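Structure assessment
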Amino acid sequence: MLQQIDRVEGLQRVNDFVVKFANVNGSGSASANALFAKAVLRMGVTATPRNIFPSNIQGLPTWYEVRISEAGHLAARGGGPDLMVAMNPQTWKQDVTSIEPGGYLFYDNTKPIPADKFRPDIVVIGVPLTEMTNKAYSDSRQRQLFKNIVGLGALSALLDMDPAVIEQLLGEQFKGRDKLIAANVQALHMGRDWVKQNLDCPIGLTLRHADTVGDRIFIDGNSAAALGAIYGGATVCAWYPITPSSSLAEAFSRYCSRMRVDKATGRNNFAIVQAEDELASIGMVIGAAWNGARAFTATSGPGISLMQEFVGLAYFAEIPAVIFDVQRAGPSTGMPTRTQQTDITICAYASHGDTKHVLLLPEDPYECFEFGALAFDLADCLQTPIFVMLDLEIGMNDRLTKPFDWDDRRRMDRGKVMTAEELEAGKLFGRYLDLDGDGIAYRTLPGTHPTKGAFFTRGTSKDRMARYSEEGADYQENMERLLRKHNTARSLVPAAVERKSDVPTRLGVIYYGSTSPAIAEADLLLAEQGIHLDLLRVRGFPFGDEVEAFIAAHDHVFVVEQNRDGQLRSLLVNELEISPKKLGKVVHFDGTPISARFITGAIAACTEKAVS
């Protein structure tokens, strides 16, 4: 009944496989694909979906990949899918080629496809989706949209999914539109019934109810960061659209419409400005922050390049600002819709002259929320730009994460801000005067006092009282104070998280950000090979004492990251004066998310070479 060439034995797996959908743009497939992923989650099985799309999406193919893992693995598995749902003739050849040996190909066989278009080592499953929908629906748009649901129904039967779960999701999606719910449920069962009547099912890949999801929520990092900005007190966002960060500003706008509107007057207590370019957007953020607002921008690598001059102004004039950088593949335009960790160096040292900036490195949507709020406290306390370093993998893809936590007793930390009363009482004020020895001067908000405090700022050299000065001693004193302030930040950024091996080892791994799930899985695989590792996840820059101590405690440390040049490794060498020979470079930079398979292979090969 299944079209098996040479009767190949198909893969046999329960709650542990990868499904990939090859989509046709404009077909409405995105909604059905998302329904599939959510249904897996509702069955209690961990699922991690990823949208794969080109930067010029008009008329070009897209894919949607879902890793299903009852073991709870969230990283991209690497390799090809176990089940390819091939709905795009344009990508047929590459889609069929990518399937794992023994895997399954699901396609619409309304029109016959020659046998030489298949592979002898896969199981081929044809379902006449177009034929069925053409018979059931007369409207062309209905045919296309319901074809996706018919296909989902067919897939649910093949994988032995619980149809009640999908029906419930359809009810929630179309709540209040009973006719639409009924029509979608009918289409779902049209596909299920045809498969049950005409094919051997389920196939070797099956889904069973489990309990690995728990109370985790399902959200993308950009939305989480935007919500963190709300809780962090942000009221101003100035941005210029750029992939993959635009959805962060858009999410902030949605949250503001619910949480930043005065209930009594209907007045908006926020300002969101789409600027004419990236330089203008960061300029607006700095202007708003100088006047006391909590302000941010969201951008990606090309935007960071264009913002350099104003970032330097904020650093030297000491003005709070938050910059969410959702990294993508560079340089130049690079690959706008592919993920990398390529902006670490440019953000750490952004602008000309001697600059050092604070970076926050979240690993998942939970930390995107947490660091999204924390960034505004740090910006105020340190009076400087704070970079929150997401990437496309975290920012644009939904992921399971623990529920967000917020203490309602928490209050915004505005740092060293002098009040009108303190100024009137004669408290010593010098805008760039370090009274406490931590490098952080006191500031005033414009208009705090009619005659005292700071009313203007400048990007030129000045003395400790903010008077213009090109005297070498004044300039040097100021630059040394800024370095003291950066050193103070070491105790304020989130500390690195260490996870020690169960077996004593002299090998360590340092990693950060979206690499985290792949590292966790790779650690298990390497332990099975007898390679035991201590792990350290860096969460911020400048590095805390624990990072230097971790490196000192190990004979060799692998630094795993997603860029060509090993940018975090370079920071470690430069800032901590570590011998480059002690830090092994494990880099992945083809634009796809790093996988446990890649990390395992790279570290195992290096370890074997060292032993031999």
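Residues numbered from 1 in each chain as written. Predicted model: local features only at pLDDT ≥ 70, side-chain atom pairs only at ≥ 80, totals over all residues. Heavy atoms only, no water.

1. A few points about the pairing of strand β5 (residues 62–69)
Of all the 8 residues making up β5, 8 are buried; the element is thus mostly covered by neighbouring parts of the structure. The pairing of strand β3 (residues 16–23) with β5 spans 8 bridges and is classified as antiparallel. In the strand pairing of β5, Val 18 is matched with Arg 67. With 6 bridges connecting them, strand β4 (residues 47–52) and β5 associate as antiparallel partners. Bridging across to β5, Thr 48 finds its partner in Arg 67. (Buried < 20%, exposed > 50% of the residue type's maximum accessible area, 1.4 Å probe, protein only. Helix = DSSP H or I, 4+ residues; strand = E, 2+ residues; numbered from the N terminus. Pairing = 2+ DSSP bridges.)

2. Quick look at the environment of Asp 377
Tracing the backbone shows Asp 377 in helix α12 (residues 365–382). The sequence separation of Asp 377 and Val 322 amounts to 55 residues, and the corresponding C-alpha distance is 9.9 Å. Asp 377 has contacts with Arg 294, Arg 410, Arg 411, Met 412 and Asp 413, leaving out every residue within four places of it along the chain. In this structure the side chain of Asp 377 is engaged in a polar contact, spanning 3.0 Å, whose partner is the backbone nitrogen of Asp 413. (Contact = heavy atoms within 4.5 Å. Polar contact = N/O pair within 3.5 Å; in protein donor to acceptor, adjacent residues only side chain to side chain.)

3. Quick notes on the sheet that holds strand β11 (residues 236–239)
Reading across the sheet, the 7 strands line up as β12-β11-β13-β14-β16-β15-β21 and stay open at both edges, with mixed pairing between neighbours. Every interior strand has two partners, whereas the edge strands, β12 (271–274) and β21 (540–541), have only one. Two elements, β11 and β12, share 4 bridges in a ladder whose sense is parallel. Directly across from Ala 238, in β12, lies its bridge partner Val 273.

4. Overview of the sheet that holds strand β20 (residues 534–537)
Strand order in the open sheet formed by 5 strands is β18-β20-β19-β22-β23, with mixed pairing between adjacent strands. Each edge of the open sheet is held by one strand with a lone partner, namely β18 (497–499) and β23 (583–587). Taken over all neighbouring pairs, the strand axes of this sheet differ in orientation by 20° on average, direction set aside. As paired strands, strand β19 (residues 507–511) and β20 are joined by 4 bridges and run parallel to one another. By the bridge assignment for β20, Gly 508 is matched with Asp 534. On the sheet, helix α17 (residues 545–552) packs against β18, β19, β20, β22 (556–561) and β23 and is oriented at approximately 155° with respect to β20. Sitting on the sheet, helix α18 (residues 567–576) touches β19, β22 and β23, and the angle it makes with β22 is about 135°. (Axes fitted to C-alpha atoms, helices over the stretch in contact; angles between N-to-C directions.)

5. Re the domain arrangement of the protein chain
Assigned domains of the protein chain: these are domain 1 (13–206), domain 2 (219–401), domain 3 (416–494) and domain 4 (497–611). Distance from the C-alpha centre of domain 2 to the C-alpha centre of domain 4: 27 Å. At the junction of the two partners, domain 2 supplies 25 residues and domain 4 supplies 25 residues. Between domain 2 and domain 4, the buried area comes to about 2,000 Å², and carbon and sulfur atoms account for 49% of it. Scanning the region where domain 2 abuts domain 4 turns up 4 salt bridges. (Domains from an automatic or database assignment. Buried area = accessible area lost by both parts, 1.4 Å probe. Salt bridge = Lys/Arg side-chain N within 4 Å of Asp/Glu carboxyl O.)

6. A word on the packing of helix α4 (residues 140–158) against helix α6 (residues 178–198)
One way to put it is that α4 packs onto α6 with a least axis distance of 7 Å and a crossing angle of 45°. In terms of their interaxial angle, α4 and α6 are classed as oblique. Where α4 crosses over α6, the handedness of that crossing is right-handed. On α6, the residues touching Phe 146, Ile 149, Val 150, Leu 152, Gly 153, Ala 154, Ser 156, Ala 157 and Leu 158 of α4 are Ala 183, Asn 184, Ala 187, Leu 188, Met 190, Gly 191, Arg 192, Val 195 and Lys 196. Classifying every residue of the contact of α4 with α6 gives 12 nonpolar, 4 polar and 2 charged. (Parallel < 35°, antiparallel > 145°, perpendicular 65-115°, else oblique. Left-handed = near helix turned anticlockwise from the far one by under 90°. Nonpolar A, V, L, I, M, F, W, Y, C, P; charged D, E, K, R; others polar.)

7. A word on the packing of aromatic side chains
Under the defined criterion, the tally for this structure stands at 15 aromatic pairs. Look at Phe 296 and Phe 324: their rings are 5.4 Å apart centre to centre, the planes differ by 90°, and that puts the pair in the edge-to-face class. Note that Phe 296 is positioned in strand β13 (residues 295–299) and Phe 324 in strand β14 (residues 321–327), a separation of 28 residues in sequence. The residues Phe 296 and Phe 324 share a single accessibility class, namely buried. An aromatic cluster of at least three residues, connected via ring pairs, comprises Tyr 231, Tyr 366, Phe 369, Phe 404 and Trp 406. It is Lys 402 that lies over the ring of Tyr 366; its NZ or CZ is 4.3 Å from the centre. Here the basic side chain of Lys 462 rests over the ring of Tyr 432, its NZ or CZ set 4.7 Å away from the ring centre. (Phe/Tyr/Trp six-rings, centres within 6.5 Å; stacked < 30°, edge-to-face > 60°. Lys NZ or Arg CZ within 6 Å of the ring centre and 35° of its normal.)

8. Describing the nonpolar core
Phe 36 and Leu 159 are the most contacted members of the largest nonpolar core, which totals 55 residues. For this core, the leading source of residues is α4, giving 8 residues. Residues Val 236, Ile 286, Ala 317 and Ile 344 belong to the second largest nonpolar core, which totals 49 residues. (Core = buried A, V, L, I, M, F, W, Y, C linked by side-chain atoms within 4.5 Å.)

9. Topic: the pairing of β22
Within β22, 5 of the 6 residues are buried, which leaves it mostly tucked inside the rest of the structure. The pairing of β19 with β22 spans 4 bridges and is parallel. Paired with Gly 508 across the strands is Val 557, a residue of β22. As paired elements, β22 and β23 share 5 bridges and run parallel to each other. Across the sheet, the residue bridging to Val 559 is Lys 585, located in β23. What joins β22 to β23 is α18, and the crossover it makes is right-handed. (Right-handed = clockwise from strand over helix to strand, strands pointing away.)

10. Quick look at the pattern of salt bridges
Under the definition given, this model contains 34 salt bridges. Residue Arg 409 is joined to Asp 407 by a salt bridge in which the shortest nitrogen-to-oxygen separation is 3.1 Å. Its relative accessible area of 69% is what places Arg 409 among the exposed residues. Residue Asp 407 is classed as partly exposed on the basis of its relative accessible area of 36%. Through salt bridges with shared partners, one network takes in Arg 294, Asp 377, Asp 380, Arg 410, Arg 414 and Arg 443.

11. A closer look at the environment of Val 326
Structurally, Val 326 is set in strand β14. A residue is classified by how much of its surface remains accessible, and Val 326, at 0% relative accessible area, is buried. Remark: the alpha-carbon pair of Val 326 and Asp 474, spanning 148 residues in sequence, is separated by 37 Å. Beyond its immediate sequence surroundings of up to four residues, Val 326 is in contact with Asn 222, Pro 244, Ser 245, Leu 248, Thr 299, Ser 300, Leu 390, Asp 391, Leu 392 and Gly 395.

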